[in-house]
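Chain by chain, the residues:
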Amino acid sequence: MLTVDYARLGLEAGDRLLDLGCGAGRHAYGAMEHGARVVAYDLDPAELKDTAVVMDAIVSDGTGTAVNGDALHLPFADASFDRVIAAEVLEHIPADAAAIAELARVLRPGGTIAVTVPRWGPELANWALSDEYHAVPGGHIRIYRASTLAGRMRAAGFVVTGRAYAHGLHSPYWWLRCLVGVGDDHHPLVRAYHQVLCWDIERRPGFSHLTRALDAALNPLIGKSLVFYGRREP
C-alpha cells in the first residue's frame, strides 16, 4: 500500500533515494523495484532489522541499505540524494521544521521530495473520538493543516509542485477503531473492515477494482493522507 506516486516524484532507475522514517519499508521496497539505490532510514532498530532482511531478499535492479538514526541528525553529506520520501513521519517529530531542514540539506539542488502526513479533517475526527489513538509514546503530536506543512517546506528551501490525497478507504476504518477502542482488533466490525482493506491491498480478483474505484472517489473528500510533492531550489 503506497502513499507516494513514484512517477510524480520523478523517480528513475539509478536515483539515490532516502526513505525517512521507512517503518516496515513499503516505499523503500517499491523504489528498489524501480531500480533506485535506496537508503531506508528509521529510529526503530527492531523494525529496521526486519526491513533490512526484506531488502536483502528483493531481486531487482535497485539496491537497498538500512540505516538507524534520528531525523534531526542525518548521517549523510550535503546533496547526497536525488529523491527523498518522508511518509507519515513528521507528525511524530517535535522539531519538525528542523527535520525538514535536514531533508533539504541532504537532497541535491533540483532533487525532488514527497512528504505525507495525516490529513487535517480525518485526523481531527480520530483525535476527537479517541485519546488512545494519539496519546501514546511515539504517537502523533500534531495535526497539520495543508498550509502549515507547505509553509514549512517552503521555509526549508523547497518549491511545492503538487498535492494529492490517498487512502480514502482507510479513514472510516480508523474512525471505527476509535469508536470501539483502538486496541480492539477482535471487534467483528473491525475484523470485517480490515478484511476488505486486505483484499484491496492484495488486489483480489473480482473485488479490488471496486475498492480501487471507491478509494479514488473518496480520496478528495476524506483521503486519510495528505501528500505534497516538492523540489529543492538550486
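This one's a predicted model, so the numbers in the text were calculated from it and none came from an experiment.

Caption draft 1: Looking closely at the overall build of the chain. Looking only at helices and strands, the chain has nine helices and seven strands in total. By the compact-globule yardstick of 17 Å for 234 residues, the chain fits well, its C-alpha radius of gyration being 18 Å. In terms of overall dimensions, the chain has a C-alpha envelope of 50 × 40 × 35 Å along the principal axes. The proportion of buried residues among the 234 residues of the chain is 47%. When contacts within the chain are restricted to residue pairs at least 6 apart in sequence, long-range pairs at least 24 apart make up 75% of them. Carbon and sulfur atoms form 58% of the exposed surface of the chain, whose accessible area is close to 10900 Å².

Caption draft 2: Here's a closer look at unusual backbone geometry. Even without being a glycine, E88 presents a positive backbone phi close to 55°. Within the secondary structure, E88 sits in the loop between β4 (81-87) and α4 (96-106). You will see that H167, though not glycine, has its phi angle at about 65°, which is positive. Tracing the chain through its elements places H167 in the loop between β6 (158-166) and α7 (170-180). The exposure class assigned to H167 is buried, which follows from its relative accessible area of 9%.

Caption draft 3: Focus on the environment of W127. Of note, W127 is situated in helix α5 (residues 120-129). Relative accessible area serves as the criterion here: at 22%, W127 is assigned to the partly exposed category. A C-alpha to C-alpha distance of 9.6 Å links W127 and H140, two positions 13 residues apart in sequence. Leave out the neighbours within four places in its chain, and W127 touches Y133, H134, H140, I141, R142 and I143.

Caption draft 4: Inspection of the pattern of salt bridges at higher detail. Across all of its chains, the model carries ten salt bridges by this definition. A salt bridge links R83 to D15, with the shortest nitrogen-to-oxygen separation between them at 2.8 Å. Here D15 lies in the loop between α1 (6-9) and β1 (16-20) and R83 lies in strand β4, a separation of 68 residues in the sequence. In this pair, the class of R83 matches that of D15, namely buried. Of the charged contacts, one joins D82 and R16 as a salt bridge, the two residues approaching to 3.0 Å between their closest N and O atoms.

Caption draft 5: Molecular detail of α5. Every buried residue of α5 is listed here: P122, E123 and N126. Down the axis of α5, the buried set is contained in an arc of 95°. They therefore lie on one face. Of the surrounding secondary structure, the elements contacted by the buried residues of α5 are β5 (107-118), α7 and α9 (208-222).

Caption draft 6: Representation of helix α8 (residues 188-201) within the structure. In this model α8 runs 20 Å from its N-terminal to its C-terminal C-alpha over 14 residues, within 8% of the 20 Å that 1.5 Å per residue would give. Taken as a whole, α8 has its buried residues at V190, L197 and D200. For α8, the buried positions fall inside an angular range of 85° around the axis, keeping them on one side. Exposed residues on α8 whose side chains face more than 90 degrees from its buried face are P188 and R191. Residues of α8 that are buried make contact with α7 and α9. The positive-phi residue at the C-terminal boundary of α8 is R203, with phi of around 55°.

Caption draft 7: Quick look at the packing of α7 against α8. At their nearest, the axes of α7 and α8 sit 10 Å apart, and the two run at 160° to each other. With respect to their mutual orientation, α7 and α8 come out roughly antiparallel. Relative to α8, the crossing made by α7 is left-handed. Contacts from H170, P172, Y173, L176, R177 and V180 of α7 reach α8 at L189, V190, Y193, H194 and L197.

Reading guide: rules and limits
Residues numbered from 1 in each chain as written. Predicted model: local features only at pLDDT ≥ 70, side-chain atom pairs only at ≥ 80, totals over all residues. Heavy atoms only, no water. Helix = DSSP H or I, 4+ residues; strand = E, 2+ residues; numbered from the N terminus. Rg over C-alpha atoms; globule rule 2.2 N^0.38 Å. Buried < 20%, exposed > 50% of the residue type's maximum accessible area, 1.4 Å probe, protein only. Contact = heavy atoms within 4.5 Å. Areas by Shrake-Rupley, 256 points an atom, 1.4 Å probe, with all protein chains shown as cover. Salt bridge = Lys/Arg side-chain N within 4 Å of Asp/Glu carboxyl O. Arc of directions from axis to C-beta. Expected span 1.5 Å × (residues − 1). Axes fitted to C-alpha atoms, helices over the stretch in contact; angles between N-to-C directions. Parallel < 35°, antiparallel > 145°, perpendicular 65-115°, else oblique. Left-handed = near helix turned anticlockwise from the far one by under 90°.

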